[in-house]
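So you can see what is in the structure, the chains are spelled out below.
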Amino acid sequence: MTSQLAALNRWVDDVARLTQPDRIHWCDGSDAEARELNDLMVERGDLIALNETTHPNCYLHRSNPSDVARVEHLTLVCTPEREDAGPNNHWMAPAEAHAKIDALFAGCMRGRTLYVVPYCMGPIDSPISRCGVEITDSPYVVANMRIMTRMGAAALARIEREGTFVKGLHSIGELDPERRFIMHFPQELSIKSYGSGYGGNALLGKKCHALRIASHQARSEGWLAEHMLIVGIENPQGETHYVAAAFPSACGKTNLAMLIPPEGHRQAGWKVWTVGDDICWMTPGADGRLWAINPEAGFFGVAPGTSAKTNPNALAMLGHDTIFTNVGVTADNQPWWEGLPEGTPVKDWQGRDFDPARGPAAHPNSRFTVSAKQCPSYSPHTEDARGVPISAIVFGGRRESLVPLVFEARDWTHGVLVGAAMASETTAAATGAVGVVRRDPMAMKPFCGYNYGDYFAHWLSFDRPGAKLPKIFHVNWFRKGADGKFLWPGFGDNLRVLEWMLQRVAGSAGAEETPIGNLPHAADLDLAGLALQPQQVDELLRVDVEGWQREIGEIGAYLDSYGARAPAALHRERQRIADALEGCRETA
Ligand code: SAT
Ligand code: MN
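A brief structural summary. (Residues numbered from 1 in each chain as written. Chains lettered and ligands numbered in written order. Predicted model: local features only at pLDDT ≥ 70, side-chain atom pairs only at ≥ 80, totals over all residues. Heavy atoms only, no water.)

## Describing the site of ligand 1
- In the vicinity of ligand 1, the residues found are Arg 70, Tyr 198, Gly 199, Gly 200, Lys 206, Lys 207, His 227, Ser 249, Phe 300, Arg 367 and Ala 429.
- In this structure, an oxygen atom belonging to ligand 1 sits 2.5 Å away from a side-chain N or O atom of Tyr 198.
- Split by residue class, the shell around ligand 1 holds three nonpolar, four polar and four charged. (Near = heavy atom within 4 Å. Polar contact = N/O pair within 3.5 Å; in protein donor to acceptor, adjacent residues only side chain to side chain. Nonpolar A, V, L, I, M, F, W, Y, C, P; charged D, E, K, R; others polar.)

This is how it looks when you write it as structure tokens:
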């Protein structure tokens, strides 16, 4: 036995001694194994089979109602020094954290099966990919990990070859919010999660490994682990350019990753190729460009709002072999959520008779888990070992006011500031108030595994001789007019904005230079076929100088909250914008 497998076996033995399972099952990822697990879960009531005719091989899982979203206040980064986790993370000293959570794990798997889940984040043969092993007592987690990662024998073989893997220990415990922690030990490449069965808390390959632990590794190894979708845009000449875009959870990453071009664009030959919808690992190639892989193999997407109108590709892939979590069901046992134009829910997400007075049928953070290969726009380059080259990076938030539809950063440093200054209204993806504006740099606030000040410096470090970095943009699809309605149609029409970006990358589109960045003139955007009034377009592309002066002041205070760790280059860049805004006001 190799030393790696010996180390893995020792760890499994140690965990079994602590947690006292009745049985241990090593997952091989086979179809037979998946069928057996499904049967077991159906028997136990963990899964409910959905309509076999309309939704073959689809299942519904109902979470404990107190366990339906990420819990940021119980999510800890346990570095030896508190400062290394930074003010952006909840922190506990490693020894104390281990003691606290191991006390919860003690004996917690009695009467249960311990599953050993080897997985690979990224194409199985890619040098950018990284492996991990999750130990869990939840067959629902195993079933989800099988869809979301390359799970099983091939991953185990790579671990045996390779040397390192991330250790993730998970138990649903008692699903008691008072006995719940999601802890990260970046120095030990390990994760311990107790008391939740929900996606981001329990599928440890996803946010815990591919973002929090990976961002930490990426910093020391010179790459980037980001909360970004990856989409390929093919123009009528047949050239495909790849865009990586960061938006906070539940702000439309899945929709953008799978968008259907507007009718006119479709006829002209535009196509969209989906590489990923949530996580992007980027590394500089020998050619100086950033090359990206999607470490995941599936989508864990928000169901409500997904329809043939908003995201036909997503709807098409959800017709078979999908796990639905916390959606409603119709009388004929089809999954149902708010935003679907057809069907009537009879049961809500908790399995109660649906009563609109008690709220929506589907939980606002209800989800589907589905293999990426089921997406009609699945990119044939998703499995490329070297990844895909990134031409543009897009940051975006959900902002009702102030922030224009799109602007381009002047250069990399400005772009990093734009990312660092991102803010967005909160959503149902995490517990807590919804709709409150908070700073969420690069959409990584809940996921950056180390001090944001150091993270900003790491981003800046990519600007070095020979680098051919992507252009950076900021978008806001969520601007509202005085009437409270969205100004921009969004969804497929967002391609019009991506088209301008790619023309900027090619040097073929115009822009107006403003203190906050370069904005398209109305004429630079292809708005043909849209029922937009000229005033709406003006409003979408307007720079409100006084509003931005306030914003840039707040950004200064925000950078100050990282003290000496906030890079001086970002302070200088911010000052430059503040001065330019002041100049604008004086000349106005
Ligand atoms: O629940 S997850 O963390 O997996 C999804 C998300 O919030 O982005
Ligand atoms: Mn996400």
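## Things to note about helix H4 (residues 94-105)
- For H4, spanning twelve residues, the distance from its first C-alpha to its last is 16 Å, which sits close to the expected 16 Å at 1.5 Å a residue.
- Each element contacted by the buried residues of H4 is listed here: helix H1 (3-19), strand S9 (166-171), strand S10 (181-185) and strand S11 (190-194). (Helix = DSSP H or I, 4+ residues; strand = E, 2+ residues; numbered from the N terminus. Expected span 1.5 Å × (residues − 1). Contact = heavy atoms within 4.5 Å.)

## As for the coordination of the manganese ion (ligand 2)
- For the manganese ion (ligand 2), the protein coordination sphere consists of Lys 207 (NZ), His 227 (NE2) and Asp 278 (OD), at 2.0 to 2.2 Å.
- The sequence motif formed by the donor residues of the manganese ion (ligand 2) is K-x19-H-x50-D. Of this pair, Lys 207 sits in helix H8 (residues 205-221) while Asp 278 sits in the loop between strand S15 (271-276) and strand S16 (280-284), and the two are 71 residues apart along the sequence.
- Relative accessible area serves as the criterion here: at 5%, Lys 207 is assigned to the buried category. (Donors = N, O, S within 2.8 Å, 3.2 Å for Na, K, Ca; no water. Buried < 20%, exposed > 50% of the residue type's maximum accessible area, 1.4 Å probe, protein only.)

## Let's talk about the pattern of salt bridges
- Scanning all chains against the criterion turns up 37 salt bridges.
- Residues Arg 438 and Glu 72 are paired through a salt bridge, measuring 3.0 Å at the closest nitrogen-oxygen approach. Taken together, the residues span a long stretch of sequence, with Arg 438 in strand S27 (residues 437-439) and Glu 72 in the loop between strand S3 (59-61) and strand S4 (75-77) at a distance of 366 residues.
- Residue Arg 438 is classed as partly exposed on the basis of its relative accessible area of 26%.
- Given the relative accessible area of 18%, Glu 72 is considered buried. (Salt bridge = Lys/Arg side-chain N within 4 Å of Asp/Glu carboxyl O.)

## Re the pairing of strand S14 (residues 240-246)
- Within S14, five of the seven residues are buried, which leaves the element mostly enclosed by the surrounding structure.
- Relative to S14, strand S13 (residues 228-234) runs antiparallel, the two sharing seven bridges. Of the residues in S14, the one forming a bridge with Val 231 is Val 243.
- Two elements, S14 and strand S24 (residues 388-396), share five bridges in a ladder whose sense is parallel. Bridge pairing in S24 places Ala 244 opposite Ile 393. (Pairing = 2+ DSSP bridges.)

## Considerations on the sheet that holds strand S22 (residues 345-347)
- Overall, antiparallel pairing links the three strands, which are arranged S21-S20-S22 in an open sheet. Bordering the open sheet on either side are strand S21 (335-336) and S22, each of which pairs with just one other strand.
- As paired strands, strand S20 (residues 328-330) and S22 are joined by two bridges and run antiparallel to one another. Bridged to Val 329 within S22 is Lys 347.

## Some details on the side chain of Asn 326
- Relative to the helices and strands, Asn 326 resides in the loop between strand S19 (323-325) and S20.
- Within the local environment of Asn 326, its side chain forms a polar contact with the backbone nitrogen of Ser 63, the two atoms lying 2.8 Å apart.
- For Asn 326, the residues in contact, after removing those within four places along its chain, are Leu 60, His 61, Arg 62, Ser 63, Val 68, Trp 349, Ala 362, His 363 and Ser 366.

## Quick word on the packing of aromatic side chains
- In total, this model carries 18 aromatic pairs according to the counting rule given.
- Judged by centre distance (6.4 Å) and plane angle (50 degrees), the ring pair of Trp 11 and Phe 165 falls under tilted. You can see Trp 11 sitting in helix H1 and its partner Phe 165 sitting in the loop between helix H6 (153-162) and S9, a full 154 residues away along the chain. Accessibility classification places Trp 11 together with Phe 165 in one group, the buried group. (Phe/Tyr/Trp six-rings, centres within 6.5 Å; stacked < 30°, edge-to-face > 60°.)

## Topic: the packing of helix H16 (residues 545-560) against helix H17 (residues 568-587)
- One way to put it is that H16 packs onto H17 with a least axis distance of 10 Å and a crossing angle of 160 degrees. It follows that H16 is roughly antiparallel to H17 by the angle criterion. The two elements H16 and H17 meet at a crossing, and its hand is left-handed. Contacts between H16 and H17 involve Val 545, Glu 546, Trp 548, Gln 549, Ile 552, Gly 553, Ile 555, Gly 556, Leu 559 and Asp 560 on the former and, on the latter, Leu 570, His 571, Arg 574, Ile 577, Ala 578, Leu 581, Glu 582, Cys 584 and Arg 585.
- Grouping the amino acids of the contact of H16 with H17 by side-chain chemistry returns ten nonpolar, four polar and five charged. (Axes fitted to C-alpha atoms, helices over the stretch in contact; angles between N-to-C directions. Parallel < 35°, antiparallel > 145°, perpendicular 65-115°, else oblique. Left-handed = near helix turned anticlockwise from the far one by under 90°.)

Coordinates in, geometry out; function isn't part of it.
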